[in-house]
Amino acid sequence: MSRDILIAPSILSADFARLGEEVRAIDAAGGDWIHVDVMDGHFVPNITIGPGVVAALRPHTKKPLDVHLMIAPVDPYIEAFAKAGADVITVHAEAGPHLDRSLQLVRSLGRKAGVSLTPSTHESAIAHVFDRLDLVLVMTVNPGFGGQAFIPAMTEKIARLRDMIGERNIRLEVDGGVNPETAALCAAAGADVLVAGNAVFSGGRYRENIAAIRTSATKASR
Ligand code: DX5
Ligand code: ZN
């Protein structure tokens, strides 16, 4: 079976001096979701943007803003990202002791709730929160930076999560080191949303780059 594959270009690899224009460009080039990486210099060793930038980008696209929060604590900031116009809000399972509460908070604000796992976190960490989820995000690199190499051991985790999700209406997203080659591995394992930063933005041929990832993943999709 081939499931519908969504491509979510990560604006972490965009020109930050022209972010609005870059968002419009990846929208026009066929990106399905706009992936926004929020980093705090505490949960991950890098700092990016906050809710003010998300709000400023909101008028530049009608496509879903897929906001990946790499911050701890996360609960105090969820409402600000919801108000800024995030459609999907993903928190890390490792970001705090009360994941179930964080996910309830996201849904109480009318947003889709995602949970992300860093490479070393076992999938069993989220076994009891599936009823609170719209999306699972498997980090295929250690979060913090674009342009890192895909960690091959993550394909097994993706496959196990695909089985755990079963018939539920939950998207399975992958993030980190995704290019046409690794996209095929992820899709074959059961991923259906592919985040890509460098592989979309490098060389400036956004439409061709997105299409290459989509074609490769769609062919391999299980
Ligand atoms: C990494 C971020 C990713 C990153 C992916 O911490 O969560 O979204 O932008 O970049 P690439 O595709 O270049 O690995
Ligand atoms: Zn991300």
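Right above here is the structure, for reference.
What counts, and at which threshold
Residues numbered from 1 in each chain as written. Chains lettered and ligands numbered in written order. Predicted model: local features only at pLDDT ≥ 70, side-chain atom pairs only at ≥ 80, totals over all residues. Heavy atoms only, no water. Pairing = 2+ DSSP bridges. Helix = DSSP H or I, 4+ residues; strand = E, 2+ residues; numbered from the N terminus. Axes fitted to C-alpha atoms, helices over the stretch in contact; angles between N-to-C directions. Contact = heavy atoms within 4.5 Å. Polar contact = N/O pair within 3.5 Å; in protein donor to acceptor, adjacent residues only side chain to side chain. Near = heavy atom within 4 Å. Areas by Shrake-Rupley, 256 points an atom, 1.4 Å probe, with all protein chains shown as cover. Nonpolar A, V, L, I, M, F, W, Y, C, P; charged D, E, K, R; others polar. Salt bridge = Lys/Arg side-chain N within 4 Å of Asp/Glu carboxyl O. Buried < 20%, exposed > 50% of the residue type's maximum accessible area, 1.4 Å probe, protein only.

## A closer look at the sheet that holds strand β3 (residues 65-70)
Point 1. A sheet is described by the order of its strands in space; here 8 strands give the open sequence β1-β8-β7-β6-β5-β4-β3-β2, paired in parallel fashion. Edge positions in the sheet fall to β1 (6-9) and β2 (34-39), since each has one partner strand and no second. Averaged over neighbouring strand pairs, the angle between their axes works out to 25° when direction is ignored.
Point 2. Where β1 and strand β8 (residues 193-196) come together, 4 bridges link them in parallel fashion. Within the sheet, the bridge partner assigned to Pro9 lies in β8 and is Ala196.
Point 3. Of the strands in this sheet, β2, β3 and β4 (88-92) touch helix α3 (residues 75-84), which is tilted by about 160° from β4.

## Quick word on the side chain of His35
Point 1. In this structure, His35 sits in strand β2.
Point 2. Among the polar contacts listed, one links the side chain of His35 to the side chain of Asp37, at a separation of 2.9 Å.
Point 3. In contact with His35, other than residues within four places in its own chain, are Ala8, Pro9, Ser10, Ile11, Asp66, His68, Leu137, Glu173, Asp175 and Val195.

## Focus: the site of ligand 1
Point 1. As a structural note, the neighbourhood of ligand 1 is formed by 20 residues, with Asp37, Gly144, Asp175, Gly177 and Gly197 the closest of them.
Point 2. Between ligand 1 and the protein, one listed contact pairs an oxygen atom with a side-chain N or O atom of Asp175 at 2.6 Å.
Point 3. Between ligand 1 and the protein, one listed contact pairs an oxygen atom with a backbone N or O atom of Asn198 at 3.0 Å.
Point 4. Isolated, ligand 1 exposes 380 Å² of accessible area, and the fraction of that covered by the protein chains is 99%.
Point 5. Broken down by element, the residue count for the shell around ligand 1 peaks at 3 residues, all from β2.
Point 6. Here the residues of the shell around ligand 1 sort into 8 nonpolar, 10 polar and 2 charged.

## Some remarks on the pattern of salt bridges
A side chain with one charge may pair with a side chain of the opposite charge, provided their charged atoms come close.
Point 1. Going through the model one piece at a time under the given rule, you end up with 15 salt bridges.
Point 2. Linking Asp100 and Arg132 is a salt bridge whose minimum nitrogen-to-oxygen distance equals 2.9 Å. Residue Asp100 is located in helix α4 (residues 99-108), and its partner Arg132 is located in the loop between β5 (112-117) and β6 (135-139); the two are separated by 32 residues in the primary sequence.
Point 3. Arg132 gets classed as partly exposed once you look at its relative accessible area, which sits at 32%.
Point 4. Across the pair Arg160 and Glu123 runs a salt bridge, and its minimum N-O distance is 2.9 Å. Of this pair, Arg160 sits in helix α5 (residues 154-165) while Glu123 is found in the loop between β5 and β6, placing the two residues 37 residues apart along the sequence.
Point 5. Note on Arg160: relative accessible area 38%, which makes it partly exposed.
Point 6. Judged by its relative accessible area of 6%, Glu123 falls in the buried class.
Point 7. Within this structure, Asp4, Arg162, Arg171 and Asp192 form a network of salt bridges that share partners.

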